[in-house]
Amino acid sequence: MVQAIQKDGTSIYCVSFGSGSRPLVMLPGLSLQRVKGAALGLRLMYREFGRSHRVYVIDKKDQVPEGYTIRDTAEDTAYVMERLGIFGADVFGVSQGGMTAQYLAIYHPELVHRLALGVTASRVNPVMEESINTWIKMAGAGDYGALVGDMLKRMYSPAYIKRYGWLFPAASRLGRPGQQDIRRFINLAKACLECNSYPELHRIKCPALVLGGREDRVLTGEASEEIAEALCCELHMYEGLGHAAYEEAGDFNRRIRLFLS
């Protein structure tokens, strides 16, 4: 099911699926693709969660204004959850979605029962600053092919690139976004560079799990480690994998499912 929740003159889309009785809110990372156009893929990728949970994948606003922050994404997520009657949910955030999930747990603890964070960060570091600023520059120049190519090369492991890298040029030619999508991507990317939940992580009291990629060339593996240290929670680092560990690691979803159970 795809739902559009209205807020501030624009829509926030939510894809829901699963037959379980417990709510699971999933928050995706920075992407040129919108949740509403990826409903089938999301259901396939996360189908194992649908047996124990009713899954809600909540996107960012359709129209993202200048100056939008990660704290704003958390407030929008809280608004959608409250509108849908979702309280005390398990929450799983990946990358930028993990940044949002941290603020959600800090400022809306009543909405979060358990918190799973994948390949994310709580504050800006030099690697993160360089990678995201590169993407902003490429997007602003309208160089979509270079943007997609750079994202893929930074996210995936050398072994994955060796095996599937020949597909990257084709991927960069598919689904060229419109100007509104590019502007939305840029504003969301800039929001990442303002993230600083680290000083407030001590306010998160719910059980938490952090999964990271040791070779993360987008946010760094150290970013995952410092979140787990601040939360005093379980941490698993994938050796040899980077930012796309959530796709490459065969047991990534299983680890989260076991934690949520």
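Residues numbered from 1 in each chain as written. Predicted model: local features only at pLDDT ≥ 70, side-chain atom pairs only at ≥ 80, totals over all residues. Heavy atoms only, no water.

A. Looking closely at the packing of helix H4 (residues 126-140) against helix H8 (residues 179-192). Axis separation between H4 and H8 bottoms out at 10 Å; the angle between their running directions is 160°. The angle between H4 and H8 falls in the class roughly antiparallel. With respect to the hand of their crossing, H4 and H8 are arranged in left-handed fashion. In contact with Met-128, Ile-132, Trp-135, Ile-136, Ala-139 and Gly-140 of H4, H8 contributes Ile-182, Phe-185, Ile-186, Ala-189, Lys-190 and Cys-192. Looking at the contact of H4 with H8, its residues break down into 10 nonpolar, 1 polar and 1 charged. (Axes fitted to C-alpha atoms, helices over the stretch in contact; angles between N-to-C directions. Helix = DSSP H or I, 4+ residues; strand = E, 2+ residues; numbered from the N terminus. Parallel < 35°, antiparallel > 145°, perpendicular 65-115°, else oblique. Left-handed = near helix turned anticlockwise from the far one by under 90°. Contact = heavy atoms within 4.5 Å. Nonpolar A, V, L, I, M, F, W, Y, C, P; charged D, E, K, R; others polar.)

B. Local environment of the pattern of salt bridges. The full count for this structure, using the stated rule, is 20 salt bridges. Put simply, Asp-150 and Arg-154 hold a salt bridge, and the shortest N to O gap is 2.5 Å. Of this pair, Asp-150 and Arg-154 both sit in helix H5 (residues 144-155), 4 residues apart, roughly one helical turn. Neither residue differs from the other here; Asp-150 and Arg-154 are each classed as buried. One continuous salt-bridge network, built from bridges that share partners, spans Lys-7, Asp-8, Lys-61 and Asp-76. (Salt bridge = Lys/Arg side-chain N within 4 Å of Asp/Glu carboxyl O. Buried < 20%, exposed > 50% of the residue type's maximum accessible area, 1.4 Å probe, protein only.)

C. Seen up close, helix H3 (residues 96-107). In a regular helix each residue adds 1.5 Å, so 12 residues correspond to 16 Å; H3 covers 17 Å between its end C-alpha atoms and thus fits that length. Counting buried residues along H3, 11 of its 12 residues qualify, which places the element largely inside the surrounding structure. Inspection of H3 places Gln-96, Gly-97, Gly-98, Met-99, Thr-100, Ala-101, Gln-102, Tyr-103, Leu-104, Ala-105 and Ile-106 among the buried residues, and these make up the whole buried set. (Expected span 1.5 Å × (residues − 1).)

D. How the structure looks around the nonpolar core. One finds Phe-92, Phe-252 and Ile-256 to be the most contacted residues of the largest nonpolar core, which totals 62 residues. Here this core gets 7 residues from one element, more than from any other, and that element is H8. Filtering out sequence-adjacent residues up to four positions away, Phe-92 remains in contact with Leu-24, Val-25, Met-26, Leu-27, Tyr-46, Ala-116, Gly-118, Phe-252 and Ile-256. Of all hydrophobic cores here, the second largest spans 30 residues; its members include Cys-14, Ala-78, Leu-104 and Cys-233. (Core = buried A, V, L, I, M, F, W, Y, C linked by side-chain atoms within 4.5 Å.)

E. Broad picture of the sheet that holds strand S3 (residues 22-27). Spatially, 8 strands are ordered S1-S2-S4-S3-S5-S6-S7-S8 in an open sheet, and the strand pairing comes out mixed. If you trace the sheet from one side to the other, it starts and ends with strand S1 (2-7) and strand S8 (234-238), each paired once. This sheet shows a mean twist of 20° between the axes of neighbouring strands, independent of strand direction. For strand S6 (residues 112-118) and strand S7 (residues 208-213), the ladder comprises 4 bridges, and the chain directions are parallel. Residue pairing for S7: Ala-116 is matched across the bridge by Leu-209. Contacts between helix H2 (residues 70-83) and the sheet are confined to S1, strand S2 (10-17), S3, strand S4 (53-61) and strand S5 (89-94), with S1 contributing the most and set at about 115° to the helix. (Pairing = 2+ DSSP bridges.)

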